[in-house]
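Spelled out, the chains give:
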Amino acid sequence: MSLALDPAAQDLLFREARTANTFTDEPVTDEQVQAIYDLVKYGPTAFNQTPLRITLVRSPEARERLVKHMAEGNQAKTAAAPLVAILSADNEFHEELPALLPHFPQAKDMFFAERPARESAALLNTALQAAYFIVGVRAAGLAAGPMTGLDFAGLQKEFLDDDHTPLMVVNIGKPGEDAWFPRSPRLSYDEVVTTV
């Protein structure tokens, strides 16, 4: 059975897409990032919550502050990427729910009055939104280099506040020379899917 999505788009978004480790110096514009966000903001989340926050690290000073929190193996590529985004979860996302879920505004207090419930929901739904963001970067004809090898506490203190939990850092740009590691294996359909 074929998919509705054109095979070239399937390759761009999934089959041929890889995590980039080097990038050209071609800039990534604010317009490109806005187009990515405007596409991926429609991805489903629980209660239509939108906890993802994106911090674009553009200035040399901010980049230097970020690089020191990256694991040693991620420092050089983060320093050289045309654009770096810090993806974090807003643990106070529930304040927006009355506007985002107008047919059920009481969800804000009914399900998310307590901070632990918000943190759990924010983490799951930010992870969903981060995945959409990575696919959106690919849809823009760019490559993404998502990383979790970093000092999360240091990154939070440096760039965020106590209401925002860092999830990952994503290098973004056109892939450079020798950008790809060899493709790692994936589990087959039969290894993953069970019918009951």
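Quantities reported herein were computed from a predicted structural model and do not represent experimental measurements.

Quick look at the overall build of the protein
Then, number 1: If you tally the helices and strands in the protein, you get nine helices and four strands.
Then, number 2: Across the protein, contacts joining residues at least 24 apart in sequence account for 79% of those joining residues at least 6 apart.
Then, number 3: By element, 57% of the accessible surface of the protein is carried by carbon and sulfur atoms, the whole surface being about 11300 Å².
Then, number 4: Separation of charge centres in the protein, based on 17 positive and 27 negative side chains, amounts to 1 Å.

Remarks on the sheet that holds strand S2 (residues 83–90)
Then, number 1: The strand order across the open sheet built from four strands is S1-S2-S4-S3, with neighbouring strands paired in antiparallel fashion. Two strands bound the open sheet, and with one partner strand each, they are strand S1 (52–57) and strand S3 (143–147). Averaged over neighbouring strand pairs, the angle between their axes works out to 30° when direction is ignored.

Details of the pairing of strand S4 (residues 164–173)
When a strand is regular, its side chains alternate between the sheet's two faces.
Then, number 1: Taking burial as the measure, the ten residues of S4 include nine buried ones, the bulk of the element.
Then, number 2: One ladder, built from eight bridges, connects S2 with S4; its direction is antiparallel. Looking across to S4, one finds that leucine 87 is bridged to methionine 168.
Then, number 3: With five bridges connecting them, S3 and S4 associate as antiparallel partners. Bridge pairing links alanine 143 to glycine 173 in S4.

Details of the nonpolar core
Then, number 1: Residues Leu87, Val137, Met168 and Ile172 are the most contacted members of the largest nonpolar core, which totals 17 residues.
Then, number 2: When contributions to this core are tallied by element, the ones reaching two or more residues are helix H2 (30–40), S2, helix H7 (115–139) and S4.
Then, number 3: The contact partners of valine 137, leaving out residues within four places of it in the chain, are Ile36, Leu142, Ala143, Ala144 and Ile172.
Then, number 4: Grouped together as the second largest cluster of nonpolar side chains are 16 residues, Ala62, Leu66, Leu150 and Val169 included.

Comments concerning the packing of aromatic side chains
Then, number 1: Under the criterion given, the structure shown has six aromatic pairs.
Then, number 2: Measuring from centroid to centroid gives 6.3 Å for phenylalanine 111 and phenylalanine 112, while their planes differ by 55°, and the two rings are tilted.
Then, number 3: What makes phenylalanine 111 partly exposed here is its relative accessible area of 40%.
Then, number 4: Owing to a relative accessible area of 5%, phenylalanine 112 belongs among the buried residues under this scheme.
Then, number 5: Taken together, the aromatic side chains of Phe47, Phe93, Phe104, Phe111 and Phe112 make up a single cluster linked through ring pairs.
Then, number 6: If you follow arginine 65 out to its NZ or CZ, it ends over the ring of phenylalanine 159, 4.6 Å from the centre.

A closer look at the packing of helix H3 (residues 60–67) against helix H8 (residues 152–159)
Two measures define how a pair of helices packs: the angle their axes make with one another and the distance between the axes.
Then, number 1: Remark: H3 packs on H8, axes separated minimally by 10 Å, with the N-to-C direction vectors making an angle of 155°. Looking at the two axes, H3 sits roughly antiparallel to H8. Where H3 abuts H8, its residues Ala62, Arg65 and Leu66 lie against Leu155, Glu158 and Phe159.
Then, number 2: Considered class by class, the residues forming the contact of H3 with H8 number four nonpolar, no polar and two charged.

A short note on the environment of serine 59
Then, number 1: Secondary-structure assignment places serine 59 in the loop between S1 and H3.
Then, number 2: Its relative accessible area of 30% is what places serine 59 among the partly exposed residues.
Then, number 3: Separated by 24 residues in the primary sequence, serine 59 and leucine 83 place their C-alpha atoms 9.6 Å from one another.

What counts, and at which threshold
Residues numbered from 1 in each chain as written. Predicted model: local features only at pLDDT ≥ 70, side-chain atom pairs only at ≥ 80, totals over all residues. Heavy atoms only, no water. Helix = DSSP H or I, 4+ residues; strand = E, 2+ residues; numbered from the N terminus. Contact = heavy atoms within 4.5 Å. Areas by Shrake-Rupley, 256 points an atom, 1.4 Å probe, with all protein chains shown as cover. Lys, Arg positive; Asp, Glu negative; His and termini not counted. Charge placed at Lys NZ, Arg CZ, Asp CG, Glu CD. Pairing = 2+ DSSP bridges. Axes fitted to C-alpha atoms, helices over the stretch in contact; angles between N-to-C directions. Buried < 20%, exposed > 50% of the residue type's maximum accessible area, 1.4 Å probe, protein only. Core = buried A, V, L, I, M, F, W, Y, C linked by side-chain atoms within 4.5 Å. Phe/Tyr/Trp six-rings, centres within 6.5 Å; stacked < 30°, edge-to-face > 60°. Lys NZ or Arg CZ within 6 Å of the ring centre and 35° of its normal. Parallel < 35°, antiparallel > 145°, perpendicular 65-115°, else oblique. Nonpolar A, V, L, I, M, F, W, Y, C, P; charged D, E, K, R; others polar.

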